[in-house]
Amino acid sequence: NATRTLGDSTEAAALTRDTYERFPNNPLLGPRHDFTLIITNQFCADLRIAGDYAQALSYEKESVERHIEVFGPAHTYTLRAMTNLAVDYRMIGDFVEALRVDEDIVQHWEDVGGTDKRELGARMNVARDLFGLGAYQAGLGVLERWQAELNRRLEVRDRRVLLAGRTLGILQRKAGRHADAARTIRDKHKLTY
């Protein structure tokens, strides 16, 4: 993670692949051990960074199944793996499947009372999926319902706030609300400096 964060994605991918290949065959760990499942998430992230979206999707599908078996459907690690699976679907342009997965994640947060900041990220991902499907008004509705809560619960420069603002501006433009879109994008742009 540190190597990747510092910008050396090639070295990070090599380290992750080496670890990923060792853990499933290690007699102390195996394919269903917590550490193996966690490194699988990192391995898939490296595949996405390298642009190998189909391969990441393939591994991520299996990973989500294993996460559900090991941790259960509502565990933090499982929800993270599901979020990554939705990213994979978005990256290959399958917004229908991405929306299905993201809506399952949102449903989880509704079932537990929606007190976690990750709920807001999940709702923003639903809006992004709707945007990808061309359902601009529906995506706009999601963002407009949750934008104030997002701004209230997160720092103004939090990446989720900035991404939601960008998506809001794009959806406003797509919905023909050009003045609103310009204002939204201009306001978020000012926050990045």
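The coordinates are above.
Residues numbered from 1 in each chain as written. Predicted model: local features only at pLDDT ≥ 70, side-chain atom pairs only at ≥ 80, totals over all residues. Heavy atoms only, no water.

Draft legend 1. How the structure looks around the packing of aromatic side chains. Tallied over the full model, the rule gives five aromatic pairs. For the ring pair Tyr-20 and Phe-43, a centre distance of 4.2 Å and an interplane angle of 5 degrees mean the geometry is stacked. Residue Tyr-20 is found in helix H2 (residues 9–22), and its partner Phe-43 is found in helix H3 (residues 34–49); the two are separated by 23 residues along the sequence. Residue Tyr-20 is classed as buried on the basis of its relative accessible area, which comes to 16%. The class of Phe-43 is buried, set by a relative accessible area of 3%. A network of ring pairs unites the aromatic residues Tyr-20, Phe-43 and Tyr-59 as a single cluster. (Phe/Tyr/Trp six-rings, centres within 6.5 Å; stacked < 30°, edge-to-face > 60°. Helix = DSSP H or I, 4+ residues; strand = E, 2+ residues; numbered from the N terminus. Buried < 20%, exposed > 50% of the residue type's maximum accessible area, 1.4 Å probe, protein only.)

Draft legend 2. Molecular detail of the packing of helix H6 (residues 95–111) against helix H7 (residues 117–132). Relative orientation of the contacting elements H6 and H7 amounts to 155 degrees, with a least axis distance of 9 Å. One finds that H6 runs roughly antiparallel with respect to H7. Relative to H7, the crossing made by H6 is left-handed. Here Phe-95, Ala-98, Leu-99, Asp-102, Glu-103, Ile-105, Val-106, Trp-109 and Glu-110 of H6 lie close against H7, whose contacting residues are Arg-118, Glu-119, Ala-122, Arg-123, Asn-125, Val-126, Arg-128, Asp-129, Leu-130 and Gly-132. Looking at the contact of H6 with H7, its residues break down into nine nonpolar, two polar and eight charged. (Axes fitted to C-alpha atoms, helices over the stretch in contact; angles between N-to-C directions. Parallel < 35°, antiparallel > 145°, perpendicular 65-115°, else oblique. Left-handed = near helix turned anticlockwise from the far one by under 90°. Contact = heavy atoms within 4.5 Å. Nonpolar A, V, L, I, M, F, W, Y, C, P; charged D, E, K, R; others polar.)

Draft legend 3. Looking closely at helix H5 (residues 76–91). The end-to-end C-alpha distance of H5, which contains 16 residues, comes to 23 Å, matching closely the 22 Å that a straight helix rising 1.5 Å per residue would cover. Among the structural elements, H3, helix H4 (53–71), H6 and H7 are those in contact with the buried residues of H5. Positioned one or two residues after H5, Gly-93 has a phi angle of 85 degrees, which is positive. (Expected span 1.5 Å × (residues − 1).)

Draft legend 4. Layout of the nonpolar core. If you look at the biggest cluster of nonpolar residues, it comprises 29 residues, and the most contacted ones within it are Val-101, Ile-105, Leu-143 and Leu-150. Contributions of two or more residues to this core are made by H4, H5, H6, H7, helix H8 (136–153) and helix H9 (159–174). Residue contacts for Leu-143: discarding those within four places in its chain leaves Met-124, Ala-127, Ala-164, Thr-167, Leu-168 and Leu-171. With five residues, the next largest nonpolar core counts Tyr-20, Ile-39, Phe-43 and Leu-47 among its residues. (Core = buried A, V, L, I, M, F, W, Y, C linked by side-chain atoms within 4.5 Å.)

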